[in-house]
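Summary of the model geometry
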Amino acid sequence: METPLFTALMEFKRRDTISFHVPGHKNGTVLSEVAIPLYKEMLSVDVTELTGLDDLHDPSGVIEQAQQLTAELYGVRSSYFLVNGSTVGNLAMVLACCGNDDVVLVQRNSHKSIMHALQLAGAHPVFLHPKIDQELMVPSYVEFETIKQAIEDYPNAKALIITNPNYYGLSVDLSTVIEQAHQARIPVLIDEAHGAHFIAGEQFPVSAVHIGADIIVHSAHKTLPAMTMGSFLHFNSEIIDQSKVEYYLSILQSSSPSYPIMASLDLARGYLEEIVVHNSSGQILEAVEATIKEIEEIEGIELIYSNDEFVRRDPLKLTLRATDGRSGYELQSWLEERNVFVELADPINVLLVLPLHKENEGLAHLKTGAHQNANKFIQKLHYVKSEDEKKIHQLEHAYTFFQTCKKRVVPLDEAIGAFSYDFIVPYPPGIPFLVKGEKITGEAIEQLKDMIRLGVNIQGDNQLKKGKITILEK
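Quantities reported herein were computed from a predicted structural model and do not represent experimental measurements.

We now examine the side chain of T163. Position of T163 among the secondary structure elements: in strand β4 (residues 160-163). There is a polar contact of 3.3 Å between the side chain of T163 and the side chain of S110. Beyond its immediate sequence surroundings of up to four residues, T163 is in contact with Q107, N109, S110, H111 and D191.

In C-alpha cells, the structure reads:
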C-alpha cells in the first residue's frame with residue numbers, strides 16, 4: 001500500500017530531530033505530564049511545512065502525490081485534502097460557482113454549511129423539498145420530477161446542490177438528474193459526505209464520482225479510518241473554473257494544516273484502495289449481517305428499512321426503533337447506559353454507523369431487553385413536515401438571507417406567520433430546521449416545542465430555551 005505522506009512523516013520521526021520551529025510542543029517533548037501517555041507519540045508527527053514534508057497550499061511533493069493517488073482511486077480529475085472538514089469543501093464549491101444575487105437550486109435538507117455558503121455568496125436559494133420516507137419518517141431525497149421542474153423554471157441557475165445519501169444512508173442514483181442539469185449548463189455539486197466508501201464495491205450505492213457530478217465532497221472521517229475533520233473534495237467538471245475552487249480552498253483552509261489529519265487521509269485512501277483491489281467488501285457485508293442478527297435478538301428493539309423503490313440503503317447505516325413507544329432519545333439513553341454510543345437519535349429513531357471492516361463490535365450484552373414503563377411519545381410528536389407544502393420555493397424575503405436585518409424576540413406561539421431571524425439547527429444531523437428568512441408555520445412551532453421538551457441539542461437561536469424565538473422585524 002503506497003502512502004507517500006504518511007511514509008514521509010514516519011521517516012521524519014525516525015530522524016529524531018531537534019525542533020526550533022512551531023508548534024510549541026516541540027515534537028511532543030513539551031507538554032503536561034498527564035498528557036504524555038496519550039499525546040506524546042501523536043505529537044511527534046504533528047509538525048509544520050518542513051523540508052521534505054510539502055505544503056498543502058502549494059503541493060509539489062508527498063502531499064501532491066497523496067492527493068493524486070486519491071484522484072486515481074476515485075476516478076476524478078483532481079482530489080484535494082480538507083483539514084477543516086466537509087464544511088470547508090461545501091463552502092469552497094458553492095463560492096466557486098455562485099455570487100451575489102445568483103439563483104441556486106438547493107436541496108432543502110442540506111447541511112448547514114451549504115446554507116452558510118449561500119449566505120456568504122449572497123445567492124438566492126430556490127429550495128427543493130425532499131419527499132418523506134414513509135418507513136423511517138425522515139426527509140429522504142428530492143424527487144426527479146421536482147428537480148426537472150426546477151431546472152425548467154430556473155434555466156439560468158448557477159448550480160444544483162444535492163445531498164446524497166441522506167444522514168440515514170438512503171441514496172438514489174442521480175445519473176438522470178446530472179444529465180438534465182448539464183443539458184442546461186448547470187453544474188451539479190454533491191454533498192456526499194456520508195458516501196466516501198461507496199466505491200468499495202457494488203454492494204454499496206452508486207457514488208456521484210462515477211456518474212458525472214462536477215464537484216463531490218466526502219467526509220472521509222465519517223466512514224473511512226481518517227481523523228475527525230479529514231475530508232476530500234473531488235473536482236471532475238468541464239463547467240466550473242477549477243482555479244476558483246483552489247482559490248477558495250486557499251482562503252478558507254487553515255494556513256497551518258494538521259499533518260496528522262492529512263496523513264490519516266493518506267492512510268484512509270490506502271485502506272479503501274486495499275478493499276477495492278482485493279474485492280473484500282463481501283467480508284464487510286458478512287460482518288454487517290452478523291450485527292443485524294444480534295440486533296434482531298434484542299428484546300424491545302426493531303430495525304427499520306425503507307421500502308422506497310428508488311432508494312438504495314448504505315449497509316453501514318442501521319436505523320433502530322423501540323417497539324414499546326419510547327422516543328429515539330430514550331432509546332439512545334438506554335443504549336448509552338450499556339456503553340453503546342450511537343451516531344444520533346431523532347424523535348422515534350436511533351442511527352448506528354457500522355465500521356468499514358470485516359469485524360464489528362458485538363452487541364450480545366444487550367439481549368437482556370428494554371426497560372419498562374416507557375413514555376408513549378410517538379403519538380404526540382409533530383416531527384415531520386407535511387408532504388403538502390410546495391416542492392419548490394424561494395424565501396419570501398430572500399434579501400434577508402444575506403443582509404443584516406432588525407430582529408425581535410417573541411413567545412413561540414406569537415411567531416406563526418413571521419420569518420425566522422436565525423438558522424435553527426438540530427445537531428446532529430446539522431440540517432437547518434428553519435433557515436434565516438424562512439416563514440414560520442404553526443406546524444414548525446409544534447415541532448420546535450417537541451424538540452425542546454425532548455431535550456434535543458439545537459444550535460442557533462438561544463431564545464428557544466426560554467420558550468421564545470427571534471424573528472425578523474417587519
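More follows now that the structure is in view.
The predicted model of the protein chain averages 92 in pLDDT, with 93% of residues at 70 or higher. Counted against residues more than four places away or in other chains, residues 370-383, with its pLDDT under 50, gives 37 contacts.

Turning our eyes to something else, we now look at the sheet that holds strand β13 (residues 350-353). If you walk across this open sheet you meet the four strands as β9-β11-β13-β12, and the pairing is antiparallel. One side of each edge strand has no neighbouring strand; the edge strands of this open sheet are β9 (301-304) and β12 (344-345). Both β12 and β13 contribute to a ladder of two bridges, which runs antiparallel. Within β13, the residue paired with A345 across the bridge is V350.

So, about the domain arrangement of the protein chain. According to the domain assignment, the protein chain consists of domain 1 (4-276), domain 2 (281-380) and domain 3 (395-473). Here the C-alpha centre of domain 3 lies 29 Å away from the C-alpha centre of domain 1. On the side of domain 3, 19 residues touch domain 1, which itself brings 17 residues to the contact. Of all residues in domain 1, R108, K112 and Q119 give up the largest surface area on contact with domain 3, accounting jointly for 37% of the area buried on that side. Counting every contact that joins domain 1 to domain 3 gives one salt bridge.

Turning next to the nonpolar core. Core analysis: the largest hydrophobic core is formed by 112 residues, its most contacted members being Y74, L128, L160, L224, L448 and I469. Dropping the residues within four chain positions of it, I469 is found in contact with R408, V409, V410, L412, A415, I424, L434, I440, L448, D461, Q463 and L464. Grouped together as the second largest cluster of nonpolar side chains are 34 residues, M115, L233, L395 and V435 included.

With that settled, the discussion passes to the pattern of salt bridges. This model, assessed by the stated rule, comprises 13 salt bridges. Between E438 and R108 there is a salt bridge whose closest N-O contact spans 2.8 Å. Here the residue E438 occupies a position in the loop between β16 (425-426) and α13 (442-453), and R108 occupies one in the loop between β2 (103-107) and α5 (112-121), the gap between them amounting to 330 residues. Exposure remark for R108: the relative accessible area of 4% places this residue in the buried category. Salt-bridge contacts for R408 lead to E473; the nearest nitrogen and oxygen are separated by 3.2 Å. Of the two residues, R408 sits in strand β15 (residues 407-411) while E473 sits in the segment after β18 (468-472), which places them 65 residues apart along the sequence. E473 sits in the partly exposed class, given a relative accessible area of 34%.

Quick look at the environment of P411 now. Along the polypeptide, P411 turns up in strand β15. Spatially, the C-alpha atom of P411 lies 4.2 Å from that of K468, the residues being 57 residues apart in sequence. In this structure P411 touches G467 and K468, once residues within four positions along its chain are discounted.

The next subject is the pairing of β13. With four bridges connecting them, strand β11 (residues 317-322) and β13 associate as antiparallel partners. Bridge assignment links L320 to a residue of β13, and that residue is V350.

A word on the packing of helix α3 (residues 62-74) against helix α10 (residues 259-278). What describes two packed helices is the angle between their axes and the distance between those same axes. Put simply, α3 and α10 touch, their axes get as near as 10 Å, and they point 35 degrees apart. As for how α3 packs across α10, the hand of that crossing is left-handed. Contacts between α3 and α10 involve I63, A66, L69, T70, L73 and Y74 on the former and, on the latter, Y259, M262, D266, R269, L272, E273 and V276. The residue inventory of the contact of α3 with α10, partitioned by class, reads nine nonpolar, one polar and three charged.

This next bit is on unusual backbone geometry. Omega for the peptide link from Y427 to P428 comes to -10 degrees, which places this bond in the cis form. With respect to the helices and strands, P428 occurs in the loop between β16 and α13. For the bond from P428 to P429, the omega torsion is 15 degrees, close enough to zero to count as cis. Positive phi is not limited to glycine here, since M229 has a value of about 85 degrees. Tracing the backbone shows M229 in the loop between α8 (220-223) and β8 (231-235). The phi angle at N279 is positive, at roughly 50 degrees, despite the residue not being glycine. Position of N279 among the secondary structure elements: in the loop between α10 and α11 (281-296).

Conventions we followed
- Think of each chain on its own: its residues are numbered from 1, step by step along the sequence as written.
- Only residues with pLDDT of 70 or above have their local features reported here, since the model is predicted, and side-chain atom pairs are shown and tallied only from 80 upward, although totals for entire chains, interfaces and linings are computed over all residues.
- Note: side-chain values were computed over all heavy atoms of the structure, leaving out hydrogens and water.
- Put simply, DSSP marks the helices as runs of H or I at least four residues long and the strands as runs of E at least two long, and each gets a number from the N terminus on.
- Identification of polar contacts relies on pairs of N or O atoms within 3.5 Å, with a donor-acceptor requirement for protein atoms, meaning one able to donate a hydrogen and the other able to accept it, and with residues adjacent in sequence counted only if both atoms are side-chain atoms.
- Contacts were defined at the residue level, with two residues in contact if any of their heavy atoms lie within 4.5 Å.
- Confidence of the predictor at the level of single residues is given by pLDDT, which spans 0 to 100.
- Only strands that DSSP links by at least two bridges are regarded as paired with each other.
- All domain edges in this entry derive from an automatic or database-based domain assignment.
- Accessible area that two parts lose when put together, evaluated with a 1.4 Å probe and summed over both, is termed the buried area.
- Put simply, a salt bridge is a Lys or Arg side-chain nitrogen that is within 4 Å of an Asp or Glu carboxyl oxygen.
- In these notes, a set of buried Ala, Val, Leu, Ile, Met, Phe, Trp, Tyr and Cys residues joined through side-chain atoms within 4.5 Å is what counts as a nonpolar core.
- Burial here depends on accessible area, computed with a 1.4 Å probe over protein chains only, as a share of the maximum for the residue type. Under 20% is buried, over 50% is exposed, and the range in between is partly exposed.
- Lines fitted to C-alpha atoms define the axes here, with helix axes fitted over just the stretch in contact, and angles between the N-to-C directions of these axes take values from 0 to 180 degrees.
- By definition, turning the near helix anticlockwise from the far helix through less than a right angle yields a left-handed crossing, and turning it clockwise yields a right-handed one.
- The nonpolar class holds Ala, Val, Leu, Ile, Met, Phe, Trp, Tyr, Cys and Pro. Asp, Glu, Lys and Arg form the charged class, and all remaining residues, Gly among them, are polar.

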